[in-house]
Amino acid sequence: MGKPIYSCEEHIEEALDDWVYGVETVPEFTLVDKSENLWITCGYCENRAIYMVGNECSGTKCRN
Ligand SMILES: [Zn+2]
């Protein structure tokens, strides 16, 4: 699997396009948890990412 792509609001469409191009699966995107005290930079600019595109193993999803 590819690595998740982080994106700000402006660049989410590019992130989705890149995901589809690279991985050829339907992208899933989730909001980055704002409650976490964590700055993740957009992959396309210097803004704070608010979306994560991809299938990162987190929470309960990938524990099987
Ligand atoms: Zn951006």
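Residues numbered from 1 in each chain as written. Predicted model: local features only at pLDDT ≥ 70, side-chain atom pairs only at ≥ 80, totals over all residues. Heavy atoms only, no water.

Under an unreviewed UniProt entry, the protein chain has the name CxxH/CxxC protein and belongs to Listeria cornellensis FSL F6-0969.

J.: Can you lay out the nonpolar core for me, pointing to particular residues and giving the numbers?
T.: Residues Ile-5, Ile-12, Ala-15, Leu-16, Trp-19, Ile-50, Tyr-51 and Val-53 constitute the largest nonpolar core, which totals eight residues. Sorting the residues of this core by element identifies α1 (12-23) and β3 (51-53) as the ones contributing at least two each. Looking at this core element by element, the count peaks at four residues for α1. When near neighbours in sequence (up to four residues on either side) are disregarded, Leu-16 contacts Pro-27, Phe-29 and Val-53. (Core = buried A, V, L, I, M, F, W, Y, C linked by side-chain atoms within 4.5 Å. Buried < 20%, exposed > 50% of the residue type's maximum accessible area, 1.4 Å probe, protein only. Helix = DSSP H or I, 4+ residues; strand = E, 2+ residues; numbered from the N terminus. Contact = heavy atoms within 4.5 Å.)

J.: Got a sec to walk through the coordination of the zinc ion? Specific residues and values, please.
T.: Each pair of donors in an ideal octahedron of six around a metal sits at 90 or 180 degrees, and each pair in an ideal tetrahedron of four sits at 109.5 degrees. For the zinc ion, the protein coordination sphere consists of Cys-8 (SG), His-11 (ND1), Cys-42 (SG) and Cys-45 (SG), at 1.9 to 2.4 Å. Mapping the donors of the zinc ion onto the primary sequence yields the spacing C-x2-H-x30-C-x2-C. Placement of His-11 in the loop between β1 (5-7) and α1 and of Cys-45 in the loop between β2 (29-31) and β3 is noted, with a sequence separation of 34 residues between them. For the pair shown, His-11 and Cys-45 are each scored as buried. (Donors = N, O, S within 2.8 Å, 3.2 Å for Na, K, Ca; no water.)

J.: Break down the sheet that holds β3 for me, with residues and values.
T.: With antiparallel pairing, three strands are arranged side by side in an open sheet as β1-β3-β2. Lying at the two open borders of the sheet, with one neighbouring strand each, are β1 and β2. Across the sheet, the axes of successive neighbouring strands diverge by a mean angle of 25 degrees, strand direction being ignored. Pairing of β1 with β3, which is carried by three bridges, proceeds in the antiparallel orientation. Each residue of the ladder has a partner; that of Ser-7, found in β3, is Tyr-51. (Pairing = 2+ DSSP bridges. Axes fitted to C-alpha atoms, helices over the stretch in contact; angles between N-to-C directions.)

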